[in-house]
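Residues per chain are reported as follows:
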Amino acid sequence: MTGSVPSRHHDIADDLRHQIKTGSIKPGERLPSEAGLAARYRVSTVTLRRALAVLQGEGLVEKIHGKGNYVRHPRRRIMYVGGWGTLDPWTAAEPTLRITVRSATVPASVHLKTLLKVPTGSPLAEYTCLSLEQGSPHGLARIYIPRDLAPACALDDSACREAATRFAVLGPTPATIRETVCARSPTPDEASALRIGTTTAVLAVTRIATDSGGRVIEAALLAFPGDRVDAVFTAHHVLDERQTEA
């Protein structure tokens, strides 16, 4: 590593970022140890870690516990499609993508009680879906369904697996879906699952599916790293009934 000796953490981050973007440090390459970098830049390890945290937050560097800091491979942006599914069919069908799914039965917390309109403690089927590309996570979904409405098919069934891959609705076919979308900091669990820094914004989606009778049949909590997702929503023009009657 060459160049002038920066004196503050953002100068160090600038220098390392430049080396990464110009190819001096290549994707997949392990950075020198934190102690070694601190000595090279003549700063404390605390200052050096602050610099690395900036790059981790930008998605340029990934810290792997017990191994060190590595330059990340360029990440492809994914597309979230508002409505009946989250990942578009082309993204979800990429051969480099895979999904891990864990299922469990959990009692409804106060938050889930509010979302699903069920009594506190009611049994819910919980599905935790993590979408990965070449081993790196890029989407997290926690899907909750009242236990009596949980899909009878196993998640190794092709239809259920396809729905899980897209983070689509897993329960009964809904009549309506309501989505609330915001950008926020990740929770500690989200940051750990997605391997991102706590300063990296996530696109968070709360999706509520209801049947024709108004019963909530599914609540999904989705999180995507904000620097790796595009969100697409389609607006449908509704004619004013008074104009159509004229």
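Residues numbered from 1 in each chain as written. Predicted model: local features only at pLDDT ≥ 70, side-chain atom pairs only at ≥ 80, totals over all residues. Heavy atoms only, no water.

Peer 1: Which residues make up the overall build of the chain, and what are the values?
Peer 2: Across its full length, the chain carries 8 helices and 10 strands. Taking all 246 residues of the chain together, 44% fall into the buried category. Residue pairs in contact within the chain that sit at least 24 positions apart in sequence constitute 62% of those at least 6 positions apart. A total of about 13,500 Å² of accessible surface is found on the chain, and carbon and sulfur atoms cover 54% of it. (Helix = DSSP H or I, 4+ residues; strand = E, 2+ residues; numbered from the N terminus. Buried < 20%, exposed > 50% of the residue type's maximum accessible area, 1.4 Å probe, protein only. Contact = heavy atoms within 4.5 Å. Areas by Shrake-Rupley, 256 points an atom, 1.4 Å probe, with all protein chains shown as cover.)

Peer 1: Which residues make up the nonpolar core, and what are the values?
Peer 2: Taken as a class, soluble globular proteins show a tendency for nonpolar side chains to be buried jointly. One finds Tyr127, Cys129, Ile143, Leu170, Leu222 and Phe224 to be the most contacted residues of the largest nonpolar core, which totals 26 residues. Those elements giving two or more residues to this core turn out to be strand 3 (78-81), strand 5 (123-133), strand 6 (136-146), helix 6 (158-165), strand 8 (202-210) and strand 9 (216-225). Looking at this core element by element, the count peaks at 4 residues for strand 9. The contacts of Cys129, once residues within four sequence positions are left out, are Ile99, Thr100, Val101, Gly139, Leu140, Ala141, Ile143, Ala164 and Phe167. Ala13, Ile20, Ala38 and Val71 belong to the second-largest nonpolar core, a separate cluster that totals 17 residues. (Core = buried A, V, L, I, M, F, W, Y, C linked by side-chain atoms within 4.5 Å.)

Peer 1: I'd love a proper account of the confidence of the model for the chain, names of residues and values included.
Peer 2: Averaged over every residue, the pLDDT of the chain is 84; the share at 70 or more is 86%. When the elements of the chain are averaged for pLDDT, helix 8 (residues 241-245) gives the smallest value, 53, and helix 5 (residues 110-116) the largest, 96. Segment residues 2-6 is flagged for pLDDT under 50; beyond a separation of four residues in sequence, or across chains, it makes 8 contacts in the model. (pLDDT = per-residue confidence, 0-100.)

Peer 1: Could you give an account of the side chain of Arg72, naming the residues involved and the relevant values?
Peer 2: Mapped onto the fold, Arg72 is located in the loop between strand 2 (68-71) and strand 3. In this structure Arg72 comes out as buried when scored by relative accessible area, which is 10%. Those residues within four positions of Arg72 in sequence are excluded, and the remaining contacts are Pro27, Gly59, Leu60, Val61, Glu62, Leu194, Arg195 and Ile196.

Peer 1: Tell me about the pairing of strand 5, residues and numbers included.
Peer 2: Among the 11 residues in strand 5, 10 count as buried, and that is most of the element. Strand direction decides the pairing type here: strand 4 (residues 97-107) and strand 5, joined by 11 bridges, are antiparallel. Its bridge partner lying in strand 5, Ala104 is registered against Glu126. Counting the residues between successive antiparallel strands, the hairpin from strand 5 to strand 6 contains 2 residues, one of them, Gln134, with a positive phi of roughly 50 degrees. (Pairing = 2+ DSSP bridges.)

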